[in-house]
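Chain and residue survey
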Amino acid sequence: MSGTPSAADIRRVGVIGCGLMGAGIAEVCCRSGLDVVVHEVTEDAARAGLSRITASLDRGVRRSKLTGAERDAALARLRVSTDLGDLADRDAVVEAATEDETVKVALFATLDRIVVREDAVLASNTSSLPIMKLAMATARPHQVIGVHFFNPVPVLGLVEIVPSLLTSPQTQSRAEDFVTVALGKRVIRSQDRAGFVVNALLVPYLLSAIRMLESGFASAADIETGMVLGCAHPLGPLSLADLIGLDTLTAIAEAMYTEFKDPLHAAPPLLLRMVEAGLLGRKSGRGFHDYAPAA
């Protein structure tokens, strides 16, 4: 391949994980005309992931965000697989697996072995884990970078780009072009620090709201109303925590506390008990609020 690679040469994209984040990333990629392979660990998870993407595209048609022909074309560019080997020919792979360092490190070690393209971008959608740890699981750390999307991915236009100390300028440039040119999203940049920009600001706020509820300082309704009407936030902090997922919020908080040892990053006992009880927010049907099952 001659010349300098750019976003235009990223046509085949792999996505690892087809939960809320992975499905959203896969959807925006296939809607942008890219060939997409999504990996899931089991056939059941793969079917659920494909159903999630299809349902989101169908909603887009109902809301006149895209036509039926555009939906069909996007689905034709998408394949869901349980074989990581199907990612071998990808120009870029975005890992969106569970927020677990051991799982993610193992995945990057595997990607390093199987992805054929020598200059493939190996990206992680991690919310908080150090990109350097993932990079050092490979023999090509200069090609590993954080590309952190926000939920819901088809709606929110922001992506954090997080290079490690070893990420090459070429990899960063290609990742930024992929996000901005191919996907049409806005980029902000962060150093490789737990929480990056958005969660470093957001997570202490959410944890403070949970502590306020836990201590009896104010009711859930008043906390929510105070931030919606007092600060013009579209969601109150407890509703936002439910949307993120209380297990995900806990994982981010723990990663930030491990790195910074700041008490503001420590997960409150109430949050830990809710996660232990399986009260994870919207995705489980109950968190700080109750949610009707998705139609």
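This text follows the structure it describes.
Here's a quick rundown of the structure. Just so we're clear, the structure is a prediction, and the values are computed from it rather than from any experiment.

Attention now goes to the overall build of the chain. For the chain, the helix and strand inventory stands at 11 helices and 8 strands. The C-alpha radius of gyration computed for the chain amounts to 19 Å, which stays within 12% of the reference 19 Å derived for 295 residues, consistent with globular compactness. The buried share of the chain, taken over its 295 residues, is 48%. Taking contacts inside the chain between residues at least 6 apart in sequence as the whole, the part at least 24 apart equals 68%. Total accessible area on the chain stands at roughly 13,500 Å², and carbon and sulfur atoms take up 57% of it. Positive and negative side-chain charges of the chain, numbering 29 and 34 respectively, have mean locations separated by a distance of 4 Å.

A separate point is the nonpolar core. By size, the foremost hydrophobic cluster in this structure holds 35 residues, and its most contacted members are I25, C29, V36, V147, F149, I161 and F178. The element best represented in this core is helix α1 (residues 20-31), accounting for 6 residues. Once you skip the residues sitting within four places of it in the chain, I25 turns out to touch V15, V94, A96, N125, F149 and V153. Among the nonpolar cores identified, the runner-up in size contains 21 residues, and A194, V203, I210 and I252 belong to it.

Before going further, it helps to spend a moment on the pattern of salt bridges. As a working rule, side chains carrying opposite charge can pair if their charged atoms are close by. For the structure on display, the rule yields 21 salt bridges. K283 is paired through a salt bridge with D247; the nearest N and O atoms lie 2.8 Å apart. Separated by 36 residues along the polypeptide, K283 in the segment after α11 (269-276) and D247 in helix α10 (residues 246-260) bring together distant segments of the chain. On the basis of relative accessibility, which here comes to 27%, the residue D247 falls in the partly exposed class. Members of the salt-bridge network, linked through shared partners, are D9, R12, D91, R117, D119 and R174.

One ladder, built from 4 bridges, connects strand β7 (residues 158-163) with strand β8 (residues 186-189); its direction is parallel. Across the sheet, V159 pairs through a bridge with V187, a residue of β8. Traced from β7 through helix α6 (residues 169-182) to β8, the parallel crossover comes out right-handed.

Quick look at helix α9 (residues 237-244) now. Side chains three or four residues apart in an α-helix point the same way, a direct result of the helix having 3.6 residues per turn. Those residues of α9 not exposed but buried are P237, L238, S239, A241 and D242. On the buried face of α9, the contacting elements are α7 (198-215), α8 (220-231) and α10. Backbone geometry just downstream of α9 places G245 in the positive-phi region, at approximately 105°.

On to α1, then. Across its 12 residues, α1 extends 16 Å between first and last C-alpha, which sits within 8% of the 16 Å expected from 1.5 Å per residue. Within α1, 9 of the 12 residues are buried, which leaves the element mostly enclosed by the surrounding structure. Here α1 has its buried residues at G22, A23, G24, I25, A26, E27, V28, C29 and C30. G33 lies just past α1 and shows a positive phi near 90°.

Thresholds, definitions, all that
- Residues numbered from 1 in each chain as written.
- Predicted model: local features only at pLDDT ≥ 70, side-chain atom pairs only at ≥ 80, totals over all residues.
- Heavy atoms only, no water.
- Helix = DSSP H or I, 4+ residues; strand = E, 2+ residues; numbered from the N terminus.
- Rg over C-alpha atoms; globule rule 2.2 N^0.38 Å.
- Buried < 20%, exposed > 50% of the residue type's maximum accessible area, 1.4 Å probe, protein only.
- Contact = heavy atoms within 4.5 Å.
- Areas by Shrake-Rupley, 256 points an atom, 1.4 Å probe, with all protein chains shown as cover.
- Lys, Arg positive; Asp, Glu negative; His and termini not counted.
- Charge placed at Lys NZ, Arg CZ, Asp CG, Glu CD.
- Core = buried A, V, L, I, M, F, W, Y, C linked by side-chain atoms within 4.5 Å.
- Salt bridge = Lys/Arg side-chain N within 4 Å of Asp/Glu carboxyl O.
- Pairing = 2+ DSSP bridges.
- Right-handed = clockwise from strand over helix to strand, strands pointing away.
- Expected span 1.5 Å × (residues − 1).

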